[in-house]
Amino acid sequence: MTTRQRHIAHLHLHAALSEVQYSDVIELVSCITPHVQAVPPNAVQLDLTSALRYFDLSPYDVVQLTKLRLKAFYGIDSSAGLAGNRMLASMAADASAPGDTTWIPAGQAATWLYPWPVTALPGIGRATAETLSGYGLHTIGQVADLSPVTLQRLLGAGPARLLAERARGNDPRPVTRTEPAEHMAADLVLDRDCLDPGRHHRAVLGLADQIGQRLRGEGQIAGRLTLTVRYADRSSTTRVRALPEPTNHSPVLITTALGLLTALGLQRARVRAFAIRADDLLPANTAYRQLSLDSGDARARAAEAAADRARRRFGPEAVRPAALAD
């Protein structure tokens, strides 16, 4: 069976961030993929593998989307590395000039690593580097070309195996969250400052629908929604509202989100971005529902389940709310 190619991104954030600001960054990039690993104080790693189908973009374009959102929401410039594992992505990010992205495509890791000094590999200390240098081994390529038996004689069995794997660009470590997700977020950066209330309405509706799809896909329910609106002057407004009951049902989420939007009264506001966050997440199997004699609710949930099945089979754009139709 063929193993699916992983796509790992490592982002260096060119800013001095407080703990709260860094937490906000983690929250923002979690809109792209739930597989986020913090690398404090100013870096973050993302496993984009499962996000590619959702966004229908190349790995490189998803990285650019992430960098754009960091700049739009928080004014943070970033450089990035993109590769098939965490080690290569981190090294590629180190090689990227501010604002740039270095992509190491599948199958090119060995060629890319070949001229680098051995000390560029993580975990290679001064003593190991001096031992290798004493035998004329200065670059990663020279180590990769060395026979395993010879390398083992120089360093010992364990260190030799680890160094040989890294020199060939192999790193099996997964991107893992240090804590389970406590919220879920979706955001939209508009292409220009927007005064149109109708477009504001459609943007919030679409984000709430996204949250509903993701909650159902991950088997979770939410008890509270937060709407954040960022304006042209970089100021922002945030409103929070508890849901009538914990749910992942899109119509309820949409109604709540639009209620928050209406309460803001944005008729003359120049809006640049919207973000919705779902908090108080719980496993969906713990949900309770108010008993109702309205058969329309059951039909709506059945239609929603059918739409979710269609999206899983044909992509996220297969079924959309009528208000978002072109």
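About the criteria used
- Residues numbered from 1 in each chain as written.
- Predicted model: local features only at pLDDT ≥ 70, side-chain atom pairs only at ≥ 80, totals over all residues.
- Heavy atoms only, no water.
- Helix = DSSP H or I, 4+ residues; strand = E, 2+ residues; numbered from the N terminus.
- Buried < 20%, exposed > 50% of the residue type's maximum accessible area, 1.4 Å probe, protein only.
- Contact = heavy atoms within 4.5 Å.
- Areas by Shrake-Rupley, 256 points an atom, 1.4 Å probe, with all protein chains shown as cover.
- Lys, Arg positive; Asp, Glu negative; His and termini not counted.
- Charge placed at Lys NZ, Arg CZ, Asp CG, Glu CD.
- Core = buried A, V, L, I, M, F, W, Y, C linked by side-chain atoms within 4.5 Å.
- Phe/Tyr/Trp six-rings, centres within 6.5 Å; stacked < 30°, edge-to-face > 60°.
- Arc of directions from axis to C-beta.

S.K.: Can you help me understand the overall build of the protein in this one?
M.R.: Looking only at helices and strands, the protein has 12 helices and 10 strands in total. Across its three principal directions, the C-alpha atoms of the protein cover 80 × 45 × 35 Å. Each of the 326 residues in the protein was classed as buried or not, and the buried ones make up 44%. Here the analysis covers contacts within the protein between residues at least 6 apart in sequence; of these, 67% occur between residues at least 24 apart. Accessible surface, the protein as shown: approximately 17,100 Å² in total, 53% of it carbon and sulfur. Averaging the locations of the 36 positively and 31 negatively charged side chains of the protein gives two centres separated by 2 Å.

S.K.: Mind showing me how you'd approach the nonpolar core here?
M.R.: The nonpolar side chains of a soluble globular protein tend to be buried with one another. Core analysis: the largest hydrophobic core is formed by 32 residues, its most contacted members being Leu227, Leu266, Phe274 and Ile276. Every element with two or more residues in this core is listed here: strand 6 (184-194), helix 10 (197-217), strand 7 (220-231), helix 11 (250-264) and strand 9 (271-279). If you look at the next biggest cluster of nonpolar residues, it comprises 27 residues, including Met91, Val118, Leu132 and Val175.

S.K.: Looking at this structure, I do not really get the packing of aromatic side chains. What am I missing?
M.R.: For any two aromatic rings, the description comes down to two numbers: the centre-to-centre distance and the angle of the planes. Per the counting criterion, the structure on display carries four aromatic pairs. Ring centres of Tyr54 and Phe55 lie 5.1 Å apart, and the angle between their planes is 85°; on these two criteria the pair is classed as edge-to-face. Looking at Tyr54, the relative accessible area reads 29%, which means it is partly exposed.

S.K.: Just checking my understanding: could you explain helix 9 (residues 157-167) for this structure?
M.R.: Side chains of residues three or four places apart in an α-helix project in the same direction, reflecting 3.6 residues per turn. Among the residues of helix 9, Ala160, Leu163, Ala164 and Ala167 are the ones counted as buried. Across the axial projection of helix 9, the buried residues extend over an arc of 100°, all falling on one side. Contacts made by the buried residues of helix 9 are with helix 5 (109-113), helix 6 (126-134), helix 7 (140-145) and helix 8 (148-155). Just beyond helix 9, the residue with positive phi is Gly169, at close to 85°.

By themselves, these are just geometric observations and shouldn't be taken as functional.
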